[in-house]
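Below, each chain spelled out in residue letters.
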Amino acid sequence: MAARKTTKNPNVSAEEMLGYYRDMLLIRRFEEKAGQLYGMGLIGGFCHLYIGQEAVVVGLEAAAEEGDKRITSYRDHGHMLACGMDAGGVMAELTGREGGYSKGKGGSMHMFSKEKHFYGGHGIVAAQVPLGAGLAFADRYKDNGRVTFTYFGDGAANQGQVYESFNMAALWKLPVIFVIENNQYAMGTAQKRSTSTEEIHKRGEAFGIPGELVDGMNVLAVKEAGEKAVAHCRAGNGPYILEVKTYRYRGHSMSDPAKYRTREEVQKMREERDPIEQVRAMLLTGKHATEDQLKEIDKEIKEIVNASAEFAKESPEPDVSELWTDIYAEAPAA
Amino acid sequence: MAVISYRKAINQALEQEMARDESVILMGIDVGGGTGGSGDVGSVGGVMGVTKGLYPKFGPDRVIDTPISESAIIGAAAGAAVTGMRPVAELMFVDFIGVCLDQIYNQAAKFRYMFGGKARTPLVIRTMGGAGMRAGAQHSQNLHPILTMIPGLKVVMPSNPYDAKGLLIKAIRDDDPVVFLESKALYDMKGEVPEEAYEIPFGEANILRDGRDATIVAFGAMVPRAMQAADRLAKDGVKVTVLDPRTTSPLDEEAILDSLDETGRLIVVDESPPRCSLAADVAALAVSQAFDALKAPVGMVTCPHTPVPFAPNLEDAYIPSVERIVEAVKNTL
Ligand SMILES: Cc1ncc(C[n+]2csc(CCOP(=O)(O)OP(=O)(O)O)c2C)c(N)n1
Ligand SMILES: [Mg+2]
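Source: prediction; values computed, not measured. (Residues numbered from 1 in each chain as written. Chains lettered and ligands numbered in written order. Predicted model: local features only at pLDDT ≥ 70, side-chain atom pairs only at ≥ 80, totals over all residues.)

Some points on the site of ligand 1
Counted only if it meets this: Placing the C-beta atom from the backbone, one calls a residue near a molecule or strand if that atom lies within 6 Å of it. Secondary structure counts use DSSP, requiring at least four H or I residues in a row for a helix and at least two E residues in a row for a strand, with both numbered from the N terminus. By the convention adopted, Pro, Cys, Tyr, Trp, Phe, Met, Ile, Leu, Val and Ala count as nonpolar, Lys, Arg, Asp and Glu as charged, and the other residues, Gly among them, as polar.
Near ligand 1 there are 20 residues, and of these Val125, Gly153, Gly155, Ala156 and Ala186 of chain A occur at the shortest range. More than one chain reaches ligand 1: its neighbouring residues belong to chains A and B. Where the shell around ligand 1 is concerned, the elements lending two or more residues are β3 (148-153) and β5 (185-186) of chain A. Here the residues of the shell around ligand 1 sort into 12 nonpolar, 5 polar and 3 charged.

Below, the structure is given as structure tokens:
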């Protein structure tokens, strides 16, 4: 991984660090549970896990303020948990139940929460990028000081609509942070096989958008870069690009055996760069937390995740009449 | 004759045409699907494994993994086609035509006419559609009606392995742009398929079953369901014809009208919302061309006018079922 950014002397309190640990662990355990439920047949279809990428969204949420917006792709469970959406509601959407965020009608890829300013998981690669510019357009129009985090992948970065959005966002000085979650693969295609120049954070240069490469396995580095980007946007300077280098440990989705990379490559990442282990080590070596404290957090997370799985199993299937609701603003004729 | 899957039949057609004609190339997201080097042999060959084995056989010059850039994939394939190459471009899910529809309907489909017959575009777009995989609203549609209404474009919906092979070979050899819409639900379907290459002409319906009480016209994945319905009806003494047009454009109107002359009753089964569907299209054909032959109102068995839901129980209710087909036939009797 090139140009690794480290934060040697972070202005972060022990309490904040514990918070990041907790939030990342919640995502990890939630995703592991989702994987289990998938294996048991309780979840079907596509299910894209975020394991390995936790520091990206947790670091950026640490840089966000109340009212800031976020929008992402189908790999969305982590984003929803990190912005405070309810684990039970997310899990029950995965199982297609009434208690899910979309009443079971959306599934793993498609949830939405106006309260948490989460504008969706989107299944068409890169479609969320112009949408994110539009969210930021509304904020700029209202002059409310909000910023939008628009997340997309290294693969998505090759869609034309990304560049149409870059140009408009720069032209209109939209307060949008384009977060490229570069996990180095797009399904089975390694980034170098699909991308003419690997440094995608530089792709804003032609539009006058500053861009930065960030170590996405280090939550403090992500937070620091996020704060800089947020300050840039809030000051009215227009968009900012963060290419956050990260790694997904699992296959693209649950059905992907991931034969396009070696087991050693994955193992090396897990052992040497794991975002949660890094924070854990910082907490323990810096004596910001004791093993017991961390165990307590582990336990608390386990309970939340187990409760979400219970809820997702117990929540009833949507009534068949739901097939015909939510199509238009007007209710269907009875 | 060998019994192979729908998936394998498509793979075989691609392999044989590529071996026969160097101008045939494949391009699309993950059609090769390895990382290069060690991954090559175990390359996935697309999300459904349809192109598996072709990358090791024909190499990276002819089996081309593309970036996620559908507009440029389809546009570049159309451009290459105009020069005489025969690209088979893969659009992973038909839902993604939204990203590249301009290259399909404003470009490829119009060239021959708009340029006064001087340009030809032997392009094949292989794609897949259909619900039932719990894939949600943006990965489960079957958008053949949108494609069928475009003049200059041919649209194929194979319903079994034999047809899949013969129709794909025909599509590759055809001098017009063709959308080859595979059905996700059918990839594992097995059937007898000759080893040698053969073509099935476009616009020629296949009559899978002959019966004088009613005519069921069904497309793609609805054909096996119509056959199941026919079996059930037979137990009640009702004998139906099951007609698979195989291509929605061109459509074998004559075969449909001939069958109607015999049965006088028509049921169209189409996995798509009802408005502007093939069901509506075939019903309009019957009403405008064979009104006198009709003994009962035309039955349309379609999806509801809704996006495709995720929840398994809702998705199952969304797709036309064998029960609904049986009921629709009985309603015409
Ligand atoms: C327009 C479009 N093309 C193709 C796909 C199929 N597809 C889904 S995810 C994906 C890979 C995306 O990779 P990346 O942007 O790097 O995100 P990641 O999955 O790594 O998070 C592809 C090709 C799609 N959903 N939409
Ligand atoms: Mg990626």
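The discussion continues.
Observations concerning the sheet that holds strand β8 (residues 240-245) of chain A
Residues and elements named next belong to chain A. Basically, it comes down to this: Two strands form a pair only when DSSP identifies at least two bridges running between them. Here an angle of 0 to 180 degrees is reported between the N-to-C directions of two axes, which are lines fitted to C-alpha atoms, with helices fitted over the stretch in contact. By definition, residues are in contact whenever their C-beta atoms, placed on the basis of the backbone, come within 7 Å of each other.
Strand order in this open sheet of 6 strands is β2-β1-β3-β4-β8-β7, and the pairing throughout is parallel. Each edge of the open sheet carries a strand with a single partner, namely β2 (118-122) and β7 (211-215). This sheet shows a mean twist of 15° between the axes of neighbouring strands, independent of strand direction. Across 3 bridges, strand β1 (residues 69-73) lies against β3 in parallel orientation. Looking at β3, one finds that isoleucine 71 is bridged to threonine 150. Helix-sheet contacts for helix α8 (residues 219-234) involve β4 (176-182), β7 and β8, and the interaxial angle to β8 is about 170°.

Notes on the sheet that holds strand β12 (residues 247-249) of chain B
Sheet strands pair via backbone hydrogen bonds, and the direction of the pair is either parallel or antiparallel. All names here are of chain B. Reading across the sheet, the 7 strands line up as β3-β2-β4-β5-β7-β6-β12 and stay open at both edges, with mixed pairing between neighbours. Both edges of this open sheet fall to β3 (63-65) and β12, since each of them pairs with a single strand only. Each adjacent strand pair in this sheet contributes to an overall mean axis angle of 20°, direction not counted. The sheet contact formed by strand β6 (residues 154-156) and strand β7 (residues 178-183) spans 3 bridges and is parallel. Directly across from lysine 154, in β7, lies its bridge partner valine 178.

Concerning the UniProt feature "domain: Dehydrogenase E1 component" (unreviewed entry) in chain A
Note the threshold: UniProt positions are given in the numbering used here, feature names are shortened, and annotations may be inferred rather than shown by experiment.
UniProt annotation of "domain: Dehydrogenase E1 component" (unreviewed entry) refers to residues 23-320 of chain A when read in the numbering used here. Regarding residues 23-320 of chain A, the helix share stands at 45% and the strand share at 13%, and the terminal C-alpha atoms are separated by 36 Å.

Examining the packing of helix α5 (residues 128-142) of chain A against helix α6 (residues 160-171) of chain A
Residue and element names in this part refer to chain A. Stated formally: Here roughly perpendicular refers to angles of 65 to 115 degrees, roughly parallel to angles under 35, roughly antiparallel to angles over 145, and oblique to all remaining angles. Helix crossings fall into two classes, left-handed where the near helix is turned counterclockwise from the far one by less than a right angle and right-handed where it is turned clockwise.
Between α5 and α6, the shortest axis-to-axis distance is 8 Å and the interhelical angle comes to 20°. As far as their axial angle goes, α6 and α5 are roughly parallel. Remark: the crossing between α5 and α6 carries left-handed chirality. Counted together, Val129, Pro130, Ala133 and Ala136 of α5 and Gln161, Val162, Glu164, Ser165, Met168 and Ala169 of α6 form the full contact between these two elements.

Overview of the nonpolar core
Condition: The nonpolar core is taken to be a set of buried Ala, Val, Leu, Ile, Met, Phe, Trp, Tyr and Cys residues joined by way of C-beta atoms within 7 Å. Three classes are used. A residue is buried when 20 or more other C-beta atoms lie within 10 Å of its own, exposed when 12 or fewer do, and partly exposed in between, with C-beta atoms placed from the backbone. Where a domain begins and ends is set by an automatic assignment or by a domain database.
The biggest cluster of nonpolar side chains holds 192 residues, and the ones touching the most others in it are Ile177 of chain A together with Ile216 and Ala226 of chain B. When residues of this core are assigned to domains, at least three fall in each of domain 1 (3-192) and domain 2 (206-332) of chain B. Other than its neighbours up to four places away in sequence, isoleucine 216 of chain B contacts Ala226, Ala229, Ala230, Val240, Thr241, Val242, Leu243, Ile267, Val269, Ile325 and Val329 of chain B. By size, the runner-up hydrophobic cluster in this structure holds 10 residues, among which are Ala137, Leu314, Tyr318 and Ile319 of chain B.

As for the interface of chain B and chain A
With 35 residues of chain B at the interface, the matching set in chain A holds 37 residues. Put simply, the parts of the chain that give the side of chain B that touches chain A at least two residues each are α4 (97-107) and α11 (312-318) of chain B. Looking at the side of chain B that touches chain A, the element that brings in the most residues is α11 of chain B, giving 5 residues. Along the lines of polarity and charge, the residues of the side of chain B that touches chain A split into 17 nonpolar, 15 polar and 3 charged.

Overview of helix α1 (residues 6-20) of chain B
Residue and element names in this part refer to chain B. Cut-off, in case you're wondering: Helix span is expected to be 1.5 Å times the residue number reduced by one.
Over its 15 residues, α1 extends 21 Å from the first C-alpha to the last, a length consistent with the 21 Å expected when each residue adds 1.5 Å. Burial analysis of α1 places 11 of its 15 residues in the buried class, the great majority of the element. Residues Tyr6, Arg7, Lys8, Ala9, Ile10, Asn11, Gln12, Ala13, Leu14, Glu17 and Met18 constitute the buried set of α1.

Digging into the domain arrangement of chain B
Where interface size is given, it is often the accessible area lost as the parts come together that is meant. Residues and elements named next belong to chain B. The domain boundaries assigned to chain B delineate domain 1 (3-192) and domain 2 (206-332). With centres defined by C-alpha atoms, the gap from domain 1 to domain 2 works out at 27 Å. Contacts between the two partners involve 25 residues from domain 1 and, on the opposite side, 24 residues from domain 2. Contributing elements (two or more residues each) for the side of domain 1 that touches domain 2: α6 (144-148), β6, α7 (161-173) and β7. Residue classes in the side of domain 1 that touches domain 2 are distributed as 12 nonpolar, 10 polar and 3 charged.

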